[in-house]
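# Coordinate analysis (summary)
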Amino acid sequence: MSGTIRRRWAPAWLAATMVAALAGPAHASDLAVRVTGVRGGDGTIHVAFWRGTDGFRDWTRTAREGTTPARDGAVEITFRDLDAGRYAIIAYHDEDGDGELDRFFGMMPTEAWGLSNDPEISGPPDFDPAAFELPAAAPVIEVPLNY
């Protein structure tokens, strides 16, 4: 390719590269989730993220999940490279270690649980009161457990 042709295509190549960079994925963020109010050290603390209202509370449709051993007081789990967007978190203390949030008659949790933003709820939780934006969220989200 001659130097003249390269010089002619350089501005077009630069513009195309910039457009591709701007259209690429949104900035990824790291976020620590601090689960507070943990009572006892049995089992694990399970933290799950949902992105958007579709599938919220459906444990087969989480955007990201993590667990850490339970410890009296508070535990923290850091999630790396989360895409920018709107998320909600449900955390629970899996005291019996069966990998599930135990419920009375399949509805009312019998293990401690919490939501991001700690909204007051009556009935099944909705996405919007628990939702927060990344990367605008603080570097640490606190989720208090309800026993």
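Residues numbered from 1 in each chain as written. Predicted model: local features only at pLDDT ≥ 70, side-chain atom pairs only at ≥ 80, totals over all residues. Heavy atoms only, no water.

## Quick notes on the environment of P125
When you line up the elements, P125 lands in the loop between β8 (113-115) and α2 (127-130). A relative accessible area of 14% places P125 in the buried class. Apart from the residues lying within four places of it in its own chain, the contact partners of P125 are F56, R57 and L115. (Helix = DSSP H or I, 4+ residues; strand = E, 2+ residues; numbered from the N terminus. Buried < 20%, exposed > 50% of the residue type's maximum accessible area, 1.4 Å probe, protein only. Contact = heavy atoms within 4.5 Å.)

## Re the environment of I77
Counting through the fold element by element, I77 comes out in strand β4 (residues 73-83). For the pair I77 and V33, spaced 44 residues apart in sequence, the C-alpha to C-alpha distance is 5.3 Å. Every residue in contact with I77, bar those within four places of it in the chain, is listed here: L31, A32, V33, I45, V47, G66, T67 and T68.

## Re a nonpolar patch on the surface
The grouping of F104, F105, M107 and M108 at the surface amounts to a nonpolar patch, some 540 Å² of accessible area in total. By the secondary structure assignment, M108 is in strand β7 (residues 108-109). (Patch = residues over 30% accessible without salt bridge, like charges linked within 9 Å, V, L, I, M, F, W, Y side chains within 5 Å. Areas by Shrake-Rupley, 256 points an atom, 1.4 Å probe, with all protein chains shown as cover. Salt bridge = Lys/Arg side-chain N within 4 Å of Asp/Glu carboxyl O.)

## Examining the pattern of salt bridges
One pass over the structure, following the stated rule, counts 5 salt bridges. With its nearest N and O atoms 3.9 Å apart, the salt bridge here joins R34 to E142. Here the residue R34 occupies a position in strand β1 (residues 28-38), and E142 occupies one in strand β10 (residues 140-144), the gap between them amounting to 108 residues. The salt bridge involving R86 is made with D128; its shortest N-O contact spans 3.0 Å. Here D128 lies in helix α2 and R86 lies in strand β5 (residues 85-94), a separation of 42 residues in the sequence. Since its relative accessible area comes to 45%, D128 is described here as partly exposed. Taken together, the salt bridges that share partners define one network made up of R34, E76 and E142.

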